[in-house]
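# Report on the structure
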Amino acid sequence: MTDVFLPQDIDELWSLLNTKPEAVLYAGGTDLLVKRRSGLIDPPSLVCLERIQELKGVRQDGDWIFVGALTTHSQLLCHPIIENDYQVLSQAVAVLGSPPVRNMGTIGGNIVTASPAGDTLAPWYVLDAEIEIRSESTSRRVPISSFILGPGQVDLRRGEILAGVWTKRPQGFHIRHYEKVGRRNALACAVVSMAALMNISADNAISEIRVAWGSVGPTIMRFREIESFLVGRPLTPRGLGDAILQVQQSVIPIDDIRASANYRREVAGKLLLRLIGYTS
Ligand SMILES: Cc1cc2nc3c(=O)[nH]c(=O)nc-3n(C[C@H](O)[C@H](O)[C@H](O)COP(=O)(O)OP(=O)(O)OC[C@H]3O[C@@H](n4cnc5c(N)ncnc54)[C@H](O)[C@@H]3O)c2cc1C
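None of the values given here were measured: they were computed from a predicted structure. (Residues numbered from 1 in each chain as written. Predicted model: local features only at pLDDT ≥ 70, side-chain atom pairs only at ≥ 80, totals over all residues. Heavy atoms only, no water.)

Turning our eyes to something else, we now look at the site of the ligand. Within the structure, the ligand sits among 29 residues, and L25, A27, T30, D31 and T106 are positioned closest to it. H73 places a side-chain nitrogen or oxygen 2.7 Å from an oxygen atom of the ligand. One of the side-chain nitrogen or oxygen atoms of K180 is found 3.0 Å away from an oxygen atom of the ligand. Protein coverage of the free-state accessible area of the ligand, which is 980 Å², stands at 85%. Judged by its atoms lying within 2 Å of the grid points, the ligand is housed in the largest pocket. Looking at the shell around the ligand, the elements with two or more residues in it are β2 (24-26), α7 (107-113) and β10 (161-168). In terms of residue count, the dominant contributor to the shell around the ligand is α7 (four residues). Looking at the shell around the ligand residue by residue, the class counts come to 15 nonpolar, eleven polar and three charged. (Near = heavy atom within 4 Å. Polar contact = N/O pair within 3.5 Å; in protein donor to acceptor, adjacent residues only side chain to side chain. Areas by Shrake-Rupley, 256 points an atom, 1.4 Å probe, with all protein chains shown as cover. 1 Å grid on protein atoms, 1.4 Å probe; cavity = no way out; pocket = protein on both sides within 12 Å on 5 of 7 lines; lining within 4 Å. Sits in = over half its atoms within 2 Å of the grid points. Helix = DSSP H or I, 4+ residues; strand = E, 2+ residues; numbered from the N terminus. Nonpolar A, V, L, I, M, F, W, Y, C, P; charged D, E, K, R; others polar.)

Quantified by volume, the largest pocket comes out at close to 1,300 Å³. Taken together, 47 residues line the largest pocket, and the ones lying closest to its centre are D31, L32, G109, V112 and T113. Among the secondary structure elements, those contributing two or more residues to the lining of the largest pocket are β2, α2 (32-37), α7 and β10. If one sorts the elements of the lining of the largest pocket by residue count, α7 sits on top with five residues. (Points joined across faces, edges and corners; volume = space filled by probe spheres on them.)

We now examine helix α12 (residues 261-270). Every α-helical turn comprises 3.6 residues, leaving residues that sit three or four positions apart pointing alike. Considered for burial, the residues of α12 that qualify are A261, R264, V267, A268 and G269. Against β11 (175-181), β12 (192-200), β13 (206-214) and α11 (237-250) lie the buried residues of α12. (Buried < 20%, exposed > 50% of the residue type's maximum accessible area, 1.4 Å probe, protein only. Contact = heavy atoms within 4.5 Å.)

Taken in spatial order, the five strands line up as β4-β5-β10-β6-β7 in an open sheet, and their pairing is antiparallel. Of all strands in the sheet, those bounded by a partner on one side alone are β4 (58-61) and β7 (139-143). Across the sheet, the mean angle separating the axes of adjacent strands is 25 degrees when strand polarity is ignored. Of the strand pairs in this sheet, strand β6 (residues 130-134) and β10 are connected by five bridges, and their pairing is antiparallel. For I131, the partnering residue across the bridge sits in β10 and is V165. Its contacts with the sheet put helix α1 (residues 10-19) on β6 and β10, and the angle it makes with β10 is roughly 135 degrees. (Pairing = 2+ DSSP bridges. Axes fitted to C-alpha atoms, helices over the stretch in contact; angles between N-to-C directions.)

Before going further, it helps to spend a moment on the packing of aromatic side chains. Summed over the entire model, instances satisfying the criterion amount to two aromatic pairs. Judged by centre distance (5.0 Å) and plane angle (50 degrees), the ring pair of F66 and W166 falls under tilted. Taken together, the positions of F66 in strand β5 (residues 64-68) and W166 in strand β10 put the pair 100 residues apart, joining distant regions of the chain. Note on F66: relative accessible area 2%, which makes it buried. The exposure class of W166 is buried, given its relative accessible area of 8%. (Phe/Tyr/Trp six-rings, centres within 6.5 Å; stacked < 30°, edge-to-face > 60°.)

This next bit is on the nonpolar core. If you look at the biggest cluster of nonpolar residues, it comprises 37 residues, and the most contacted ones within it are L76, I111, W124, I131, I144, F147 and I148. When residues of this core are assigned to their parent elements, the largest contribution, five residues, is made by helix α8 (residues 121-126). In this view, F147 contacts I111, I131, I133, V142, Q153, V154, D155, L156 and L162; residues no more than four positions away in its chain are not counted. In terms of nonpolar packing, the next biggest core, distinct from the first, is built from 29 residues, M194, I200, V216 and L230 among them. (Core = buried A, V, L, I, M, F, W, Y, C linked by side-chain atoms within 4.5 Å.)

Laid out in structure tokens, this is it:
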């Protein structure tokens, strides 16, 4: 039988982790408990984080916001700051799972699961998010691209937890776009996804862009050289043509039951065409 512990606050969590260093954490359990039920993992004890209030919610700090790791997707979706300034994130959360999954699943759980198909990840990459990692005695902040090391692998050491995500207001980016291509609209894992923040000039050329893709490599893929190449290009099929080819040559997708690598490569590039039609 597995012991399950339910600390009431963060101090109780640290005491528990000192006495049960082998315990596995969970928040909403929508990834971890599914893996346990299917026999993929069998931890000796579990620690449920859901009562720890200080790791919940969205808080503003100057130009930055902090999203607590235990904030559920539903809570994020109806938060006014996210609705107004972080549409790239709210568009992604709106298509994550189903309402019950969004009510239970958390931002921290989605990041630590580190699936290349995780819906919140590409938005966090284009938002240049930083992950706050805490242990009983230390706290550190790392860019999300350094925190996620590979599928299911993150830079978390024994005794550390993901406390939350910091991100700066994406000022000046008027166009915020997230799109997920799946095998059906609801409850589908992304076959390919793309998050973009963009600005265009009066003559319909890209003046600034950040763009990242999911499900086309071991982690989210963002190519700074393609972003630089796109600046100054007209936002037309012809203007984007060379960049589409560069994306298709740069991504490293795999074949799996949901789609072939070739299909993913093709779609990843062509998703750039979705940006046409936005106006400044
Ligand atoms: C039916 C269904 C549909 C789904 N659809 C989607 C989808 O469309 N898109 C998508 O991206 N995901 C989807 N998921 C996956 C899942 O719901 C999300 O990844 C969710 O955000 C996980 O959050 P959680 O709190 O439930 O994680 P948990 O299962 O609680 O934890 C996941 C992992 O993170 C670790 N962890 C959790 N919180 C912390 C923390 N604060 N510090 C350190 N480690 C931590 C756990 O140890 C575990 O390894 C789906 C899942 C189900 C069951």
